[in-house]
Amino acid sequence: MTYIQDNDKLYRYLFQNRAVRGEWVRLNRTFIDTLNTHHYPQVVRHLLGEMMVATNLLTATLKFEGDITVQIQGDGPLRLALVNGTDEQNIRALARIEGDISNDMGLHQLIGKGVLVITIAPKEGERYQGIIALDKPTITECLEEYFERSEQLQTQLLIRVGEYEGKPVAAGMLLQIMPDGSGSREDFEHLATLTSTVKDEELFGLNAEELMYRLYHEETVEVFDPQVVNFHCGCSQERSGSALLLISDDEIDEILAAHNGSIDMQCECCGTHYFFNKEAIQKLKQASDEDVIH
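Positions within a chain are numbered from 1, following the residues in the order the chain's sequence is written. Note on the predicted model: pLDDT of at least 70 is required for a residue's local features to be given, and 80 or more for side-chain atom pairs to be given and counted; whole-chain, interface and lining totals, by contrast, use all residues. Each side-chain value is worked out from all heavy atoms of the structure, with water and hydrogens disregarded.

The next subject is the domain arrangement of the chain. Domain start and stop points were drawn from an automatic or database domain assignment. Domain annotation for the chain reports domain 1 (9-231) and domain 2 (237-292). Using C-alpha coordinates to define each centre, domain 1 is positioned 37 Å away from domain 2. In short, buried area is how much 1.4 Å probe accessible area vanishes from two parts on joining, totalled over both. Summed over both sides, the interface between domain 1 and domain 2 buries roughly 550 Å², with carbon and sulfur atoms accounting for 53% of that surface. The largest share of the area that domain 1 buries against domain 2 comes from Thr-37, Arg-92 and Leu-94, three residues that together contribute 52% of it. N or O atoms within 3.5 Å of each other form a polar contact, as long as, within protein, one can give a hydrogen and the other can take it, and as long as residues adjacent in sequence are counted only when both atoms are side-chain atoms. Here domain 1 and domain 2 share zero residue pairs in polar contact (both at pLDDT 80 or more) between them. Numbering of helices and strands starts at the N terminus; helices are DSSP runs of H or I of at least 4 residues and strands are runs of E of at least 2. With four residues, strand β5 (residues 90-97) is the single largest residue contributor to the side of domain 1 that touches domain 2. Residues are grouped as follows: Ala, Val, Leu, Ile, Met, Phe, Trp, Tyr, Cys and Pro are nonpolar; Asp, Glu, Lys and Arg are charged; every other residue, Gly included, is polar. Looking at the side of domain 1 that touches domain 2, its residues break down into three nonpolar, two polar and two charged.

Moving on: the packing of helix α2 (residues 42-61) against helix α4 (residues 139-151). Between two packed helices, the angle of one axis relative to the other and the distance separating the axes together describe the packing. The interhelical angle for the contact between α2 and α4, taken along N-to-C directions, is 25°, at an axis separation of 10 Å. Judged by the angle between their axes, α2 and α4 are roughly parallel. Pair α2 / α4 crosses with right-handed handedness. Across the interface between the two elements, Leu-47, Glu-50, Ala-54, Leu-58 and Thr-61 of α2 pack against Ile-139, Thr-140, Leu-143 and Phe-147 of α4. In terms of residue class, the contact of α2 with α4 is built from six nonpolar, two polar and one charged. Interaxial angles span 0 to 180 degrees and are taken between N-to-C directions of axes, which are lines fitted to C-alpha atoms, for helices over the stretch in contact. Oblique is the label for every angle not falling under 35 degrees (roughly parallel), over 145 degrees (roughly antiparallel), or within 65 to 115 degrees (roughly perpendicular). By convention, the crossing between two helices is left-handed when the near helix turns anticlockwise from the far helix through less than a right angle, and right-handed when the turn is clockwise. Contact definition: two residues touch when any of their heavy atoms are within 4.5 Å.

Turning our eyes to something else, we now look at the pairing of strand β7 (residues 128-133). Note: strand β6 (residues 114-122) against β7, six bridges, orientation antiparallel. Its bridge partner being in β7, Thr-119 is matched across the sheet by Gln-129. Whether two strands pair depends on DSSP finding at least two bridges between them. Between β6 and β7, which pair antiparallel in sequence order, lie five residues; one of them, Gly-125, sits at a positive phi of approximately 105°.

Moving on to the packing of aromatic side chains. Stacked, tilted and edge-to-face are the three classes applied to pairs of Phe, Tyr and Trp rings, where Trp contributes its six-membered ring and a pair requires centres within 6.5 Å; stacked means planes under 30 degrees apart, edge-to-face means over 60, and tilted covers the rest. Tallying each qualifying case throughout the model produces four aromatic pairs. Ring centres of Tyr-13 and Phe-15 lie 5.7 Å apart, and the angle between their planes is 75°; on these two criteria the pair is classed as edge-to-face. Across this residue pair, the class does not change: Tyr-13 and Phe-15 are buried. Geometrically, the ring pair formed by Phe-15 and Tyr-216 is edge-to-face, given 4.8 Å between the ring centres and 90° between the ring planes. One end of the pair, Phe-15, is in strand β1 (residues 9-15); the other, Tyr-216, is in helix α7 (residues 208-216), with 201 residues separating them in the sequence. Tyr-216 matches Phe-15 in its accessibility class, with the two residues each being buried. Summary of the burial criterion: residues with accessible area below 20% of their type's maximum are buried, those above 50% are exposed, and those between are partly exposed, where the area comes from a 1.4 Å probe applied to protein chains only.

This part is about the side chain of Thr-69. With respect to the helices, strands and loops of the structure, Thr-69 is situated in strand β3 (residues 66-74). A polar atom in the side chain of Thr-69 sits 2.9 Å from the side chain of Asn-84. With residues near it in sequence (within four places) discarded, Thr-69 still touches Leu-82, Val-83, Asn-84, Val-117, Ile-118 and Thr-119.

Of all the eight residues making up strand β2 (residues 20-27), eight are buried; the element is thus mostly covered by neighbouring parts of the structure. Here β2 shows a buried face lined by Val-20, Gly-22, Trp-24 and Arg-26 and a second buried face lined by Arg-21, Glu-23, Val-25 and Leu-27. Taken together, the seven bridges between β1 and β2 define a ladder with antiparallel strand orientation. Residue pairing in the sheet places Tyr-13 in a bridge with Gly-22 of β2. Here β1 folds back onto β2, and the loop between the two strands holds four residues, one of which, Ala-19, carries a positive phi near 55°.

What follows is the structure, given as structure tokens:
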């Protein structure tokens, strides 16, 4: 089946005669790996899929080295939904739930009063943060408004989450007028109309060449080499251990005594367990003290 070759890849493409650019990403294994360590309700899984696709598409519009975090914070039963991605298309996600969630809940029922926060952290240069009101029915509509307001660029964002051949899949397309001012509103609206005709089975099942032809066969489209998208957490024994150094010795002793001499620290993103006994914690403190001295 040809569709497999373009799973977990992000494509950029350019319309030669229209001054409009586009992106397409499809997450299969990446989406599955992100969800496998959690038992989120279906509606939360769906929301995280939307946010993961949006994050991949956002990183592709930015020419920088670093990472971008897209997070929702609210006072509803879903207190936090967070996705972090890098310019290398490494991505991770997590959610924190405090309350009962049913799968028929809409965005505002899940979040309550909340905001969508986008944080861009380049390796060089200043950190930027944008706060977006969640005053639209979907994340997609909120992000489209963000582009219009913050970058003043006509943008179409199309995201779908579902199943293909019995497996979870999340995919999306972004269409944007070129930022140099050479594009026309008429050209953009023409291409946006074509893009909006895409069906779920096309977005989830076709490879890039077939999808571009299906949507834009009367256009001249230049498709660039794709980036591979991966689930990557970045947690480690060392990072988990550094959190223990913030706890007092008395508290450490109490926790060790209550848990048979071993502290189990589990990563929220990937579910990996890191274990620390008294000896391991003493080594951490000793190494920390030596770093301070030097």
